[in-house]
Amino acid sequence: MTTITRGRSSLMHLMSSIPKLSVPRLPLVPDIMRRARIPADLESVTTRGAEADPTHVGMTADAVERVWDAVVDVYRGGAHPAIQLCIRREGQVVLQRSIGHAAGNGPDDKADAPKTLATIDTPFCLCSASKAVTAIVVHLLAERGQLSLDDKVADHIPEFGRNGKAGITIGHLLSHRAGIPRHPAATMDLDRLDDRDALVHAFSEAKPDSAPGTRLAYHAVMGGAILGEIVHRVAGRSIRDVLSAEVLDPLGFRWTNYGVDPLDVPTVGRSYRTGPPTPPPLSTVLNRILGTSLEETVRKINDPRFLTGVVPSGNVVTNADEFSLLFEMLRRGGELGGVRVLRPETVANAVRSESPLEVDYSLGVPLRYGKGFMLGEKQFSLFGPDTENVFGHLGFSNILGWADPDRALSVGLITSGKPVYYPEVFGFLGIMRHIGAAAPKIERNSR
(Lines give C-alpha, C1' and ligand atoms only; values in the text may rest on other atoms or scores of the structure.)
Protein backbone atom coordinates (compact mmCIF):
# COMPACT_ATOMS: atom_id res chain seq x y z
CA MET A 1 0.00 0.00 0.00
CA THR A 2 2.91 2.37 0.72
CA THR A 3 4.23 1.88 -2.80
CA ILE A 4 0.76 2.58 -4.23
CA THR A 5 0.26 5.77 -2.26
CA ARG A 6 3.73 7.07 -3.04
CA GLY A 7 3.14 6.33 -6.70
CA ARG A 8 -0.18 8.14 -6.73
CA SER A 9 1.27 11.11 -4.87
CA SER A 10 4.16 11.38 -7.32
CA LEU A 11 1.72 11.13 -10.22
CA MET A 12 -0.40 13.97 -8.82
CA HIS A 13 2.66 16.20 -8.41
CA LEU A 14 3.76 15.36 -11.95
CA MET A 15 0.31 16.04 -13.39
CA SER A 16 0.06 19.34 -11.53
CA SER A 17 3.23 20.52 -13.25
CA ILE A 18 1.88 19.80 -16.76
CA PRO A 19 0.76 22.98 -18.54
CA LYS A 20 -3.02 23.31 -18.65
CA LEU A 21 -4.74 22.55 -21.92
CA SER A 22 -6.18 25.77 -23.33
CA VAL A 23 -9.32 25.25 -25.38
CA PRO A 24 -10.45 28.48 -27.05
CA ARG A 25 -14.08 29.53 -27.18
CA LEU A 26 -15.26 29.22 -30.76
CA PRO A 27 -17.78 31.69 -32.16
CA LEU A 28 -21.32 30.65 -33.14
CA VAL A 29 -21.09 27.21 -31.52
CA PRO A 30 -21.66 26.01 -27.94
CA ASP A 31 -18.58 25.93 -25.74
CA ILE A 32 -17.54 22.27 -25.50
CA MET A 33 -15.82 22.97 -22.17
CA ARG A 34 -19.04 24.43 -20.71
CA ARG A 35 -17.41 27.39 -18.95
CA ALA A 36 -18.49 30.57 -17.26
CA ARG A 37 -17.45 33.84 -18.90
CA ILE A 38 -14.60 35.34 -16.92
CA PRO A 39 -14.59 39.14 -16.67
CA ALA A 40 -11.39 41.03 -17.46
CA ASP A 41 -11.62 42.90 -14.16
CA LEU A 42 -11.47 40.17 -11.52
CA GLU A 43 -11.66 42.68 -8.68
CA SER A 44 -15.13 43.60 -9.87
CA VAL A 45 -16.32 40.09 -8.95
CA THR A 46 -14.25 39.68 -5.78
CA THR A 47 -15.47 40.34 -2.24
CA ARG A 48 -13.43 40.19 0.94
CA GLY A 49 -14.29 39.83 4.59
CA ALA A 50 -12.35 41.03 7.61
CA GLU A 51 -9.01 39.21 7.70
CA ALA A 52 -6.57 39.05 10.62
CA ASP A 53 -2.87 39.75 10.23
CA PRO A 54 -1.51 36.28 9.38
CA THR A 55 1.82 37.02 11.10
CA HIS A 56 -0.03 36.94 14.43
CA VAL A 57 -0.73 33.23 13.90
CA GLY A 58 2.56 32.10 12.42
CA MET A 59 1.81 32.65 8.73
CA THR A 60 2.94 35.22 6.18
CA ALA A 61 0.92 37.56 4.00
CA ASP A 62 2.76 36.28 0.92
CA ALA A 63 1.83 32.67 1.68
CA VAL A 64 -1.83 33.61 2.16
CA GLU A 65 -1.83 35.49 -1.14
CA ARG A 66 -0.34 32.46 -2.88
CA VAL A 67 -3.35 30.49 -1.69
CA TRP A 68 -5.71 33.07 -3.16
CA ASP A 69 -3.68 33.23 -6.39
CA ALA A 70 -4.26 29.47 -6.73
CA VAL A 71 -8.01 30.02 -6.27
CA VAL A 72 -8.05 32.80 -8.87
CA ASP A 73 -6.12 30.61 -11.31
CA VAL A 74 -8.79 27.91 -11.01
CA TYR A 75 -11.55 30.50 -11.38
CA ARG A 76 -9.99 31.84 -14.60
CA GLY A 77 -10.56 28.43 -16.19
CA GLY A 78 -14.31 28.96 -16.06
CA ALA A 79 -15.37 25.60 -14.60
CA HIS A 80 -16.55 27.31 -11.41
CA PRO A 81 -18.81 30.35 -11.84
CA ALA A 82 -18.22 31.11 -8.15
CA ILE A 83 -15.64 30.13 -5.53
CA GLN A 84 -15.68 30.92 -1.81
CA LEU A 85 -12.83 30.26 0.60
CA CYS A 86 -12.56 30.86 4.33
CA ILE A 87 -9.45 29.85 6.30
CA ARG A 88 -9.12 30.04 10.08
CA ARG A 89 -5.78 29.60 11.79
CA GLU A 90 -5.91 29.24 15.57
CA GLY A 91 -9.46 30.53 15.28
CA GLN A 92 -8.46 33.72 13.45
CA VAL A 93 -9.80 34.35 9.94
CA VAL A 94 -6.73 34.84 7.76
CA LEU A 95 -8.54 34.59 4.43
CA GLN A 96 -12.21 35.13 3.67
CA ARG A 97 -12.99 35.86 0.04
CA SER A 98 -15.38 35.10 -2.78
CA ILE A 99 -14.97 35.43 -6.53
CA GLY A 100 -17.50 35.11 -9.33
CA HIS A 101 -21.26 35.10 -9.70
CA ALA A 102 -23.94 33.32 -7.72
CA ALA A 103 -26.28 33.29 -10.73
CA GLY A 104 -26.45 34.46 -14.34
CA ASN A 105 -23.01 33.39 -15.55
CA GLY A 106 -23.33 29.67 -16.16
CA PRO A 107 -22.48 27.91 -19.42
CA ASP A 108 -26.08 28.08 -20.64
CA ASP A 109 -26.73 31.66 -19.55
CA LYS A 110 -26.65 34.31 -22.25
CA ALA A 111 -23.78 36.79 -22.20
CA ASP A 112 -26.15 39.65 -21.41
CA ALA A 113 -28.16 37.75 -18.77
CA PRO A 114 -28.61 39.56 -15.43
CA LYS A 115 -25.84 38.48 -13.08
CA THR A 116 -25.82 38.20 -9.29
CA LEU A 117 -22.49 38.67 -7.56
CA ALA A 118 -21.40 35.91 -5.21
CA THR A 119 -20.30 37.47 -1.94
CA ILE A 120 -18.75 35.96 1.19
CA ASP A 121 -22.29 35.76 2.61
CA THR A 122 -23.90 33.91 -0.30
CA PRO A 123 -25.09 30.43 0.73
CA PHE A 124 -24.55 27.41 -1.53
CA CYS A 125 -25.60 23.77 -1.34
CA LEU A 126 -22.81 21.60 0.09
CA CYS A 127 -24.06 18.42 -1.60
CA SER A 128 -22.28 15.41 -0.06
CA ALA A 129 -20.29 17.50 2.41
CA SER A 130 -23.65 17.56 4.21
CA LYS A 131 -22.76 14.09 5.49
CA ALA A 132 -20.32 15.65 7.97
CA VAL A 133 -23.18 17.71 9.42
CA THR A 134 -25.37 14.61 9.71
CA ALA A 135 -22.53 12.79 11.46
CA ILE A 136 -22.36 15.59 14.05
CA VAL A 137 -26.06 15.11 14.89
CA VAL A 138 -25.71 11.33 15.17
CA HIS A 139 -22.65 11.59 17.42
CA LEU A 140 -24.46 14.15 19.57
CA LEU A 141 -27.36 11.75 20.16
CA ALA A 142 -24.91 8.91 20.85
CA GLU A 143 -23.12 11.09 23.42
CA ARG A 144 -26.45 11.68 25.15
CA GLY A 145 -27.26 7.98 25.22
CA GLN A 146 -30.22 8.19 22.85
CA LEU A 147 -28.56 5.73 20.50
CA SER A 148 -25.30 3.79 20.15
CA LEU A 149 -23.13 3.55 17.06
CA ASP A 150 -23.13 -0.20 17.64
CA ASP A 151 -26.93 -0.35 17.49
CA LYS A 152 -28.38 -2.33 14.62
CA VAL A 153 -30.38 -0.11 12.29
CA ALA A 154 -33.19 -2.65 12.70
CA ASP A 155 -33.24 -1.92 16.45
CA HIS A 156 -34.72 1.47 15.53
CA ILE A 157 -36.36 0.63 12.19
CA PRO A 158 -37.47 -3.02 12.48
CA GLU A 159 -38.61 -3.31 8.87
CA PHE A 160 -35.13 -2.35 7.68
CA GLY A 161 -33.81 -5.78 8.67
CA ARG A 162 -35.40 -7.43 5.64
CA ASN A 163 -33.42 -8.91 2.74
CA GLY A 164 -30.26 -9.71 4.71
CA LYS A 165 -29.73 -6.29 6.31
CA ALA A 166 -30.33 -7.25 9.95
CA GLY A 167 -26.62 -6.97 10.82
CA ILE A 168 -26.07 -3.42 9.57
CA THR A 169 -25.19 -0.99 12.36
CA ILE A 170 -25.28 2.79 12.62
CA GLY A 171 -21.49 2.72 12.64
CA HIS A 172 -21.48 0.84 9.34
CA LEU A 173 -23.57 3.61 7.78
CA LEU A 174 -21.27 6.36 9.07
CA SER A 175 -18.15 4.61 7.79
CA HIS A 176 -19.65 3.61 4.39
CA ARG A 177 -19.41 -0.11 5.16
CA ALA A 178 -23.11 -0.98 5.30
CA GLY A 179 -23.03 -2.77 1.94
CA ILE A 180 -25.93 -0.79 0.43
CA PRO A 181 -24.25 1.97 -1.65
CA ARG A 182 -26.93 2.05 -4.34
CA HIS A 183 -29.99 4.10 -3.53
CA PRO A 184 -33.58 3.56 -4.67
CA ALA A 185 -35.10 6.30 -6.82
CA ALA A 186 -37.58 7.10 -4.05
CA THR A 187 -34.80 8.50 -1.86
CA MET A 188 -34.36 11.36 -4.33
CA ASP A 189 -37.97 11.77 -5.51
CA LEU A 190 -38.40 15.53 -5.08
CA ASP A 191 -42.17 15.22 -4.77
CA ARG A 192 -41.85 12.84 -1.81
CA LEU A 193 -38.88 14.11 0.20
CA ASP A 194 -41.15 14.61 3.21
CA ASP A 195 -42.87 11.23 2.83
CA ARG A 196 -41.17 9.26 5.57
CA ASP A 197 -43.23 6.12 4.95
CA ALA A 198 -42.18 6.01 1.30
CA LEU A 199 -38.52 6.49 2.20
CA VAL A 200 -38.59 3.81 4.87
CA HIS A 201 -40.27 1.36 2.50
CA ALA A 202 -37.70 2.11 -0.22
CA PHE A 203 -34.59 1.55 1.84
CA SER A 204 -36.11 -1.35 3.76
CA GLU A 205 -36.68 -3.24 0.50
CA ALA A 206 -33.09 -2.67 -0.66
CA LYS A 207 -30.78 -5.66 -0.94
CA PRO A 208 -27.12 -5.41 0.13
CA ASP A 209 -24.23 -5.79 -2.30
CA SER A 210 -21.90 -7.08 0.40
CA ALA A 211 -21.94 -8.17 4.02
CA PRO A 212 -21.87 -5.29 6.53
CA GLY A 213 -18.42 -4.22 7.58
CA THR A 214 -16.58 -6.07 4.82
CA ARG A 215 -16.24 -3.56 2.00
CA LEU A 216 -15.64 0.18 1.77
CA ALA A 217 -18.10 1.61 -0.76
CA TYR A 218 -19.25 5.22 -0.62
CA HIS A 219 -23.00 5.57 0.10
CA ALA A 220 -23.98 8.73 -1.80
CA VAL A 221 -27.59 9.00 -0.61
CA MET A 222 -28.79 5.87 1.18
CA GLY A 223 -26.81 6.24 4.41
CA GLY A 224 -28.04 9.75 5.10
CA ALA A 225 -31.66 8.86 4.43
CA ILE A 226 -31.50 6.02 6.96
CA LEU A 227 -29.64 8.08 9.56
CA GLY A 228 -32.20 10.87 9.21
CA GLU A 229 -35.02 8.45 9.97
CA ILE A 230 -33.17 7.01 12.97
CA VAL A 231 -32.65 10.50 14.38
CA HIS A 232 -36.36 11.26 13.91
CA ARG A 233 -37.37 8.09 15.74
CA VAL A 234 -35.05 8.46 18.73
CA ALA A 235 -35.38 12.26 19.11
CA GLY A 236 -39.08 12.56 18.23
CA ARG A 237 -38.41 15.38 15.76
CA SER A 238 -36.76 15.80 12.38
CA ILE A 239 -33.00 15.87 12.00
CA ARG A 240 -33.40 19.44 10.74
CA ASP A 241 -35.03 20.49 14.02
CA VAL A 242 -32.44 18.65 16.11
CA LEU A 243 -29.59 20.29 14.22
CA SER A 244 -31.12 23.72 14.59
CA ALA A 245 -31.94 23.46 18.29
CA GLU A 246 -28.84 21.62 19.50
CA VAL A 247 -26.08 22.97 17.25
CA LEU A 248 -26.87 25.92 15.00
CA ASP A 249 -28.95 28.12 17.30
CA PRO A 250 -26.54 27.85 20.27
CA LEU A 251 -23.65 28.74 17.94
CA GLY A 252 -25.53 31.63 16.34
CA PHE A 253 -25.40 30.27 12.78
CA ARG A 254 -27.61 31.80 10.09
CA TRP A 255 -27.28 28.88 7.65
CA THR A 256 -25.84 25.33 7.69
CA ASN A 257 -29.12 23.42 8.00
CA TYR A 258 -30.82 20.99 5.62
CA GLY A 259 -32.34 23.23 2.99
CA VAL A 260 -33.61 26.75 3.58
CA ASP A 261 -36.84 28.58 4.22
CA PRO A 262 -38.80 29.00 0.96
CA LEU A 263 -38.27 32.76 1.21
CA ASP A 264 -34.49 32.18 1.17
CA VAL A 265 -34.39 30.06 -1.99
CA PRO A 266 -33.61 33.05 -4.27
CA THR A 267 -30.54 33.87 -2.15
CA VAL A 268 -28.94 30.43 -2.66
CA GLY A 269 -26.16 30.39 -5.25
CA ARG A 270 -26.90 28.20 -8.25
CA SER A 271 -25.05 25.00 -9.06
CA TYR A 272 -23.93 24.62 -12.68
CA ARG A 273 -23.10 21.63 -14.85
CA THR A 274 -19.71 22.61 -16.21
CA GLY A 275 -16.76 20.93 -17.89
CA PRO A 276 -16.57 18.78 -21.01
CA PRO A 277 -18.87 15.79 -21.62
CA THR A 278 -18.10 12.80 -19.42
CA PRO A 279 -17.08 9.76 -21.50
CA PRO A 280 -17.75 6.14 -20.59
CA PRO A 281 -16.91 4.26 -18.47
CA LEU A 282 -16.64 7.27 -16.11
CA SER A 283 -20.15 8.40 -17.01
CA THR A 284 -21.47 4.93 -16.18
CA VAL A 285 -19.75 4.97 -12.78
CA LEU A 286 -21.16 8.41 -12.02
CA ASN A 287 -24.67 7.40 -13.00
CA ARG A 288 -24.42 4.43 -10.65
CA ILE A 289 -23.21 6.57 -7.75
CA LEU A 290 -25.67 9.41 -8.33
CA GLY A 291 -28.58 7.23 -9.39
CA THR A 292 -29.18 9.41 -12.44
CA SER A 293 -27.32 11.49 -15.01
CA LEU A 294 -25.02 14.33 -14.05
CA GLU A 295 -27.29 16.85 -15.74
CA GLU A 296 -30.35 15.58 -13.89
CA THR A 297 -28.46 15.66 -10.59
CA VAL A 298 -27.54 19.33 -11.04
CA ARG A 299 -31.12 20.14 -12.02
CA LYS A 300 -32.34 18.57 -8.78
CA ILE A 301 -29.80 20.49 -6.68
CA ASN A 302 -31.26 23.77 -7.99
CA ASP A 303 -34.88 22.70 -7.60
CA PRO A 304 -36.78 24.59 -4.86
CA ARG A 305 -38.21 21.28 -3.62
CA PHE A 306 -34.68 20.04 -2.97
CA LEU A 307 -33.53 23.34 -1.49
CA THR A 308 -36.41 23.40 1.01
CA GLY A 309 -36.52 19.70 1.83
CA VAL A 310 -34.49 17.52 4.18
CA VAL A 311 -31.83 15.37 2.50
CA PRO A 312 -29.30 14.39 5.18
CA SER A 313 -26.82 13.12 2.60
CA GLY A 314 -26.77 16.18 0.43
CA ASN A 315 -28.71 19.42 0.93
CA VAL A 316 -27.09 21.40 3.74
CA VAL A 317 -26.92 25.03 2.60
CA THR A 318 -24.24 27.37 3.94
CA ASN A 319 -21.36 29.66 3.06
CA ALA A 320 -17.61 29.13 3.43
CA ASP A 321 -17.49 31.16 6.66
CA GLU A 322 -19.97 28.98 8.57
CA PHE A 323 -18.57 25.85 6.91
CA SER A 324 -15.15 26.74 8.32
CA LEU A 325 -16.65 27.63 11.71
CA LEU A 326 -18.30 24.22 11.96
CA PHE A 327 -14.93 22.54 11.53
CA GLU A 328 -13.35 25.03 13.93
CA MET A 329 -15.80 23.78 16.55
CA LEU A 330 -14.69 20.21 15.86
CA ARG A 331 -11.00 21.17 15.82
CA ARG A 332 -11.47 22.67 19.27
CA GLY A 333 -12.87 19.39 20.56
CA GLY A 334 -16.55 20.26 20.19
CA GLU A 335 -16.58 23.80 21.63
CA LEU A 336 -16.83 27.20 20.00
CA GLY A 337 -17.13 30.64 21.57
CA GLY A 338 -17.87 29.20 24.99
CA VAL A 339 -20.63 26.93 23.66
CA ARG A 340 -19.97 23.20 23.99
CA VAL A 341 -21.68 21.08 21.32
CA LEU A 342 -19.79 17.81 21.75
CA ARG A 343 -17.37 16.37 24.29
CA PRO A 344 -13.73 16.05 23.13
CA GLU A 345 -13.87 12.27 23.40
CA THR A 346 -16.93 12.23 21.12
CA VAL A 347 -15.07 14.18 18.45
CA ALA A 348 -12.02 11.94 18.84
CA ASN A 349 -14.17 8.85 18.30
CA ALA A 350 -15.84 10.38 15.25
CA VAL A 351 -12.54 11.07 13.48
CA ARG A 352 -10.70 7.92 14.52
CA SER A 353 -9.68 5.89 11.47
CA GLU A 354 -11.81 2.82 10.79
CA SER A 355 -9.16 1.24 8.56
CA PRO A 356 -5.93 1.92 6.69
CA LEU A 357 -6.05 3.65 3.33
CA GLU A 358 -7.95 1.41 0.88
CA VAL A 359 -9.75 1.62 -2.43
CA ASP A 360 -13.36 2.72 -2.18
CA TYR A 361 -15.40 0.37 -4.39
CA SER A 362 -17.88 3.09 -5.34
CA LEU A 363 -15.45 5.89 -6.13
CA GLY A 364 -12.51 3.81 -7.32
CA VAL A 365 -9.92 5.85 -5.37
CA PRO A 366 -8.04 5.12 -2.14
CA LEU A 367 -9.66 6.76 0.88
CA ARG A 368 -9.70 6.55 4.64
CA TYR A 369 -12.82 7.17 6.72
CA GLY A 370 -13.73 7.78 10.32
CA LYS A 371 -17.33 7.59 11.48
CA GLY A 372 -18.85 10.19 9.18
CA PHE A 373 -15.67 11.96 8.06
CA MET A 374 -13.09 11.53 5.31
CA LEU A 375 -9.56 11.45 6.67
CA GLY A 376 -6.25 12.73 5.38
CA GLU A 377 -3.08 10.76 4.74
CA LYS A 378 0.69 11.21 4.78
CA GLN A 379 1.01 10.94 1.00
CA PHE A 380 -2.17 10.70 -1.10
CA SER A 381 -4.99 12.85 0.29
CA LEU A 382 -7.77 15.20 -0.75
CA PHE A 383 -6.39 17.62 1.81
CA GLY A 384 -2.84 17.71 0.48
CA PRO A 385 0.29 15.89 1.62
CA ASP A 386 1.30 15.36 5.24
CA THR A 387 -2.29 15.51 6.49
CA GLU A 388 -2.68 12.22 8.34
CA ASN A 389 -4.59 13.87 11.22
CA VAL A 390 -6.92 15.95 9.03
CA PHE A 391 -10.65 15.21 8.93
CA GLY A 392 -13.35 16.68 6.72
CA HIS A 393 -15.62 15.89 3.83
CA LEU A 394 -15.87 16.35 0.07
CA GLY A 395 -19.02 17.60 -1.65
CA PHE A 396 -19.96 17.14 -5.31
CA SER A 397 -17.88 18.00 -7.08
CA ASN A 398 -15.22 20.41 -5.76
CA ILE A 399 -16.53 21.40 -2.32
CA LEU A 400 -14.36 20.65 0.68
CA GLY A 401 -14.44 21.42 4.40
CA TRP A 402 -11.85 20.24 6.90
CA ALA A 403 -10.00 20.70 10.16
CA ASP A 404 -6.25 20.22 10.49
CA PRO A 405 -5.36 19.90 14.19
CA ASP A 406 -1.62 19.81 13.48
CA ARG A 407 -1.74 23.19 11.73
CA ALA A 408 -4.60 24.69 13.80
CA LEU A 409 -6.58 25.17 10.59
CA SER A 410 -10.28 25.02 9.81
CA VAL A 411 -11.25 25.57 6.19
CA GLY A 412 -14.37 25.93 4.07
CA LEU A 413 -13.95 25.82 0.29
CA ILE A 414 -17.10 26.05 -1.83
CA THR A 415 -17.39 26.01 -5.62
CA SER A 416 -20.55 26.26 -7.73
CA GLY A 417 -19.43 24.34 -10.81
CA LYS A 418 -20.06 20.62 -11.15
CA PRO A 419 -17.36 19.40 -13.55
CA VAL A 420 -16.17 15.82 -13.46
CA TYR A 421 -12.81 16.62 -14.97
CA TYR A 422 -11.42 19.83 -16.40
CA PRO A 423 -8.00 21.37 -17.17
CA GLU A 424 -7.75 23.07 -13.78
CA VAL A 425 -8.62 20.04 -11.66
CA PHE A 426 -5.04 19.60 -10.47
CA GLY A 427 -4.95 23.32 -9.78
CA PHE A 428 -7.96 22.79 -7.53
CA LEU A 429 -6.09 20.04 -5.65
CA GLY A 430 -3.16 22.42 -5.49
CA ILE A 431 -5.22 24.84 -3.39
CA MET A 432 -5.08 22.36 -0.52
CA ARG A 433 -1.32 21.96 -0.95
CA HIS A 434 -0.87 25.74 -0.83
CA ILE A 435 -2.98 25.99 2.32
CA GLY A 436 -0.96 23.29 4.07
CA ALA A 437 2.32 24.91 3.00
CA ALA A 438 1.15 28.34 4.19
CA ALA A 439 0.43 27.08 7.73
CA PRO A 440 3.40 25.34 9.40
CA LYS A 441 2.56 22.62 11.88
CA ILE A 442 2.28 23.71 15.49
CA GLU A 443 3.69 21.76 18.42
CA ARG A 444 0.75 20.28 20.31
CA ASN A 445 1.95 21.47 23.72
CA SER A 446 2.22 25.05 22.41
CA ARG A 447 -1.46 25.38 21.47
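Our subject in this report is the structure included herewith.

Procedures and definitions
- Positions within a chain are numbered from 1, following the residues in the order the chain's sequence is written.
- Thresholds applied to this predicted model are a pLDDT of at least 70 for local features of residues and 80 or more for the giving and counting of side-chain atom pairs; totals over whole chains, interfaces and linings are not thresholded and use all residues.
- Values reported for side chains reflect all heavy atoms of the structure, with hydrogen atoms and water molecules removed beforehand.
- Only runs of H or I of at least four residues qualify as helices and only runs of E of at least two qualify as strands under DSSP, and these elements are numbered from the N terminus.
- What the globule rule says is 2.2 Å times the number of residues to the power 0.38, and the radius of gyration is computed from C-alpha atoms.
- Note on exposure labels: buried denotes an accessible area under 20% of the residue type's maximum, exposed denotes more than 50%, and partly exposed covers the range between, all computed with a 1.4 Å probe on protein chains only.
- Between two residues, a contact is recorded if the distance between any of their heavy atoms is within 4.5 Å.
- Note on areas: these come from Shrake-Rupley sampling with a 1.4 Å probe, and a residue is covered only by the protein chains present in the view.
- Residues counted as positive are Lys and Arg, residues counted as negative are Asp and Glu, and His and the chain ends are not counted.
- All charge positions are set by atom: Lys at NZ, Arg at CZ, Asp at CG, Glu at CD.
- Salt bridge, as used here, is a side-chain nitrogen of Lys or Arg placed within 4 Å of a carboxyl oxygen of Asp or Glu.
- Expected helix span is computed as 1.5 Å times (number of residues minus one).
- Pairing of aromatic side chains requires ring centres within 6.5 Å, counting the rings of Phe and Tyr and the six-membered ring of Trp. Pairs whose planes differ by under 30 degrees are stacked, by over 60 edge-to-face, and all others tilted.
- When DSSP finds at least two bridges between two strands, those strands are taken to pair.

### Re the overall build of the chain
Then comes step 1: In terms of regular secondary structure, the chain is built from 14 helices and 15 strands.
Then comes step 2: Computed over the C-alpha atoms, the radius of gyration of the chain is 21 Å, within 12% of the 22 Å expected from 2.2 N^0.38 for a compact globule of 447 residues.
Then comes step 3: With the principal axes as the frame, the chain shows a C-alpha extent of 60 × 55 × 50 Å.
Then comes step 4: Across the 447 residues in the chain, those meeting the buried criterion constitute 58%.
Then comes step 5: Considering only intrachain contacts with a sequence separation of at least 6, the fraction spanning at least 24 residues in the chain is 68%.
Then comes step 6: Of the roughly 18100 Å² of accessible surface on the chain, a fraction of 54% belongs to carbon and sulfur atoms.
Then comes step 7: A distance of 4 Å separates the average location of the 50 positive side-chain charges in the chain from that of its 50 negative side-chain charges.

### Overview of the pattern of salt bridges
Then comes step 1: According to the stated counting rule, one finds 31 salt bridges in the structure shown.
Then comes step 2: For the salt bridge of Arg97 with Glu65, the shortest nitrogen-to-oxygen distance reads 2.7 Å. In this pair, Arg97 sits in strand β3 (residues 92-103) while Glu65 sits in helix α2 (residues 61-76), placing the two residues 32 residues apart along the sequence.
Then comes step 3: Given the relative accessible area of 5%, Arg97 is considered buried.
Then comes step 4: You can call Glu65 partly exposed: its relative accessible area is 33%.
Then comes step 5: A salt bridge links Arg88 to Asp321; its shortest N-O distance comes to 2.7 Å. Remark: Asp321 occurs in helix α12 (residues 320-331) and Arg88 occurs in strand β2 (residues 82-89); sequence separation between them is 233 residues.
Then comes step 6: Taking relative accessible area as the criterion, Arg88 reaches 7% and is therefore assigned buried.
Then comes step 7: Several salt bridges converge on common partners, so that one network encompasses Lys378, Asp386, Asp404, Asp406, Arg407 and Lys441.

### Some points on α2
Then comes step 1: Taking 1.5 Å of rise per residue, 16 residues should cover 22 Å, and α2 covers 22 Å from first to last C-alpha, within 8% of that figure.
Then comes step 2: Against β1 (46-48), β2, β3 and α14 (425-438) lie the buried residues of α2.
Then comes step 3: Looking one or two residues past α2, Gly78 carries a phi angle of roughly 90°, positive in sign.

### Looking at the packing of aromatic side chains
Then comes step 1: Inspection of the entire model under this criterion finds 6 aromatic pairs.
Then comes step 2: Ring centres 6.1 Å apart and planes at 65° place the aromatic pair Phe160 and Phe203 in the edge-to-face group. Pair noted here: Phe160 is in the loop between α4 (153-156) and α5 (170-174) and Phe203 is in helix α6 (residues 196-205), with a separation of 43 residues, a long-range link.
Then comes step 3: Residue classification places Phe203 among the buried residues on the basis of a relative accessible area of 0%.
Then comes step 4: When the centroid spacing of 5.7 Å and the interplanar angle of 65° are considered together, the rings of Phe323 and Phe327 count as edge-to-face. Remark: Phe327 and Phe323 occur in helix α12; sequence separation between them is 4 residues, near one turn of the helix.

### Description of the sheet that holds strand β7 (residues 316-318)
Then comes step 1: Strand order in the open sheet made by the 3 strands is β5-β7-β6, with antiparallel pairing throughout. Two strands close off the open sheet at either side, each with one partner strand: β5 (124-125) and β6 (257-258).
Then comes step 2: Two elements, β6 and β7, share 2 bridges in a ladder whose sense is antiparallel. Bridge pairing in β7 links Tyr258 to Val316.

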